[in-house]
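Working through the structure, step by step
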Amino acid sequence: MAFRILHTSDWHLGQHFYGKSRANEHQQFIDWLLEQVKKQQIDAVIVAGDIFDTGTPPSYAREMYFNFIVALSKLNCSAVILAGNHDSVAMLNESSRLLNTLNCHVVVKAQDIAAAPEQLIYLENAQQEKAVVCAVPFIRPRDILQSTAGQSAKEKQQQLQHAIAEHYQQLVKAAKAKIAPNTAVIATGHLTTVGASCSDSVRDIYIGTLDAFPASEFPNVDYLALGHIHRPQIIGKQTHIRYCGSPIPLSFDETAQAKSVNMVCFEQGKMSACTPIEIPMFQAMATVKTSLEQLEDKVADTLAQLSLEGDDKLWLDIELSQGDYLLDLTARVQEILADYPVDILLVRKAKKSRLNMSPQDKVTLEELKVDDVFQARLALEDWSNEDDLKQRLTLLFNQAVEQCEQQNSDENEQAEVTS
């Protein structure tokens, strides 16, 4: 017999995608996941962060979350839910004790193991196969580190990296001290590791000044279930360290790669197999890169490769290689494709055209990302002798964006508390 887990992450319940709700896709995924739990006789489901898309998710997203946990409990399957950088610590924590009665373990922040043993989760199935989860959510520096005045940026990075590594080591050491022989040791994380391949929808996250954590600093465990990166991948050529990716495409550049969850089997406390299970595509999506003249033929070819049913429509991201007046082009694109079963979510110029924009170019905010504007401004300067300064400015810019987003999240949490 074996102890089996399903590793999933980055659901982003409540996401709105260019004005489109993802509720139908998410519900179909949850139904599919529950079927996999029954079919594969899964003992525990680990959601490695970003269960929600924002710190204040809509009510239907919360309802999906609670209904999933209730349904999973009826299957005698445990749940381990980790907070991600998109999640509200306060919102997830408010129901954690109640959900614990349904064999659901919610871990929202990293803490000292002596003061908060909740990060060690001991699991056992009907066949008395055992596992312990060293549950590490998205780490905020204040949770594990006290700042020291007068440190350089490099010293802060080194201190923070050491503190994260030490937190993992303490958790694993405490777990191994208490477990019986042949108990699988599983750890989690919600962060960027060195060498991970990202997608457009993945927000750059900085733990303090640290942008990526080296895989070599993780402790020795039987499986490391990671979240935050939306593409499934093995890290550092170590088959037990994996991102499973998001269950649905959260940006158009994710549509080319199949989505999956990882089914991990442990026998006598050791990982015996890790099998990605491909998730069906619940909403047809595609990026079409073409010229206006060839647009109709290109879309027709794309539709011919799909099997749309009933009122199903293809969501389109259209990247045009030419066209001076984007607003006029959008109307013309809609006119050309009016008789096709498509929803046009985005019409934009090719990236090269956007980044080489001049003040006279007609570019809408919808086309641009914050980083596009920043990189375009950097390109106006001469950095031939200032590479270090350019890297430093880029780091500070990304940190500023992250701090603004975190401040908005904290303000939303405070508003929830006071209301």
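Residues numbered from 1 in each chain as written. Predicted model: local features only at pLDDT ≥ 70, side-chain atom pairs only at ≥ 80, totals over all residues. Heavy atoms only, no water.

1. Observations regarding the pairing of strand 17 (residues 342–349)
Just so we agree on the cut-off: Here's how the labels work: a residue is buried when its accessible area is under 20% of the maximum for its type, exposed when over 50%, partly exposed in between, all with a 1.4 Å probe on protein chains only. Each helix is a run of DSSP H or I of at least 4 residues and each strand a run of E of at least 2, with the numbering of both proceeding from the N terminus. Should DSSP find at least two bridges between two strands, the strands are regarded as paired.
Of all eight residues in strand 17, seven are buried, a share of seventy percent or more. When strand 16 (residues 314–320) meets strand 17, the two strands line up parallel, connected through seven bridges. Paired with Ile 318 across the two strands is Val 347, which belongs to strand 17.

2. Here we look at the packing of aromatic side chains
Keep this limit in mind: Note on aromatic contacts: the rings of Phe and Tyr and the six-membered ring of Trp form a pair at centre separations within 6.5 Å, being stacked when their planes are under 30 degrees apart, edge-to-face when over 60 apart, and tilted otherwise.
Under the defined criterion, the tally for this structure stands at 11 aromatic pairs. Arranged with centres 5.3 Å apart and planes meeting at 85°, the rings of Tyr 168 and Phe 218 form a pair that is edge-to-face. You can see Tyr 168 sitting in helix 6 (residues 153–178) and its partner Phe 218 sitting in the loop between strand 9 (183–190) and strand 10 (223–227), a full 50 residues away along the chain. Classification of Tyr 168 by relative accessible area gives buried; the value is 1%. Taking the relative accessible area as the measure of exposure, Phe 218 reaches 8% and is therefore buried. With a centroid separation of 5.0 Å and 65° between ring planes, the pair formed by Phe 213 and Phe 218 is classed as edge-to-face. Phe 213 sits in the buried class, given a relative accessible area of 1%.

3. Considerations on the sheet that holds strand 14 (residues 270–278)
Pairing between the strands of a sheet is mediated by backbone hydrogen bonds and can be parallel or antiparallel. Inclusion rule: Note on method: axes are straight lines fitted to C-alpha atoms, helices fitted across the in-contact stretch only, with angles between N-to-C directions ranging 0 to 180 degrees.
The strand order across the open sheet formed by six strands is 6-5-4-1-13-14, and the pairing between neighbours is mixed. Edge positions in the sheet fall to strand 6 (104–107) and strand 14, since each of these pairs with one other strand and no more. Within the sheet, the average angular offset between the axes of one strand and its neighbour, ignoring direction, is 20°. Looking at chain direction, strand 4 (residues 44–48) and strand 5 (residues 78–82) are connected through five bridges and run parallel. When the bridges of strand 5 are listed, Ile 46 appears paired with Val 80.

4. Topic: the pattern of salt bridges
The following threshold applies: In the sections that follow, a salt bridge refers to a side-chain nitrogen of Lys or Arg positioned within 4 Å of a carboxyl oxygen of Asp or Glu.
Applying the stated criterion across every chain yields a total of 11 salt bridges. Bridged by salt links that share partners, the residues Lys 20, Lys 313 and Asp 343 form one connected network.

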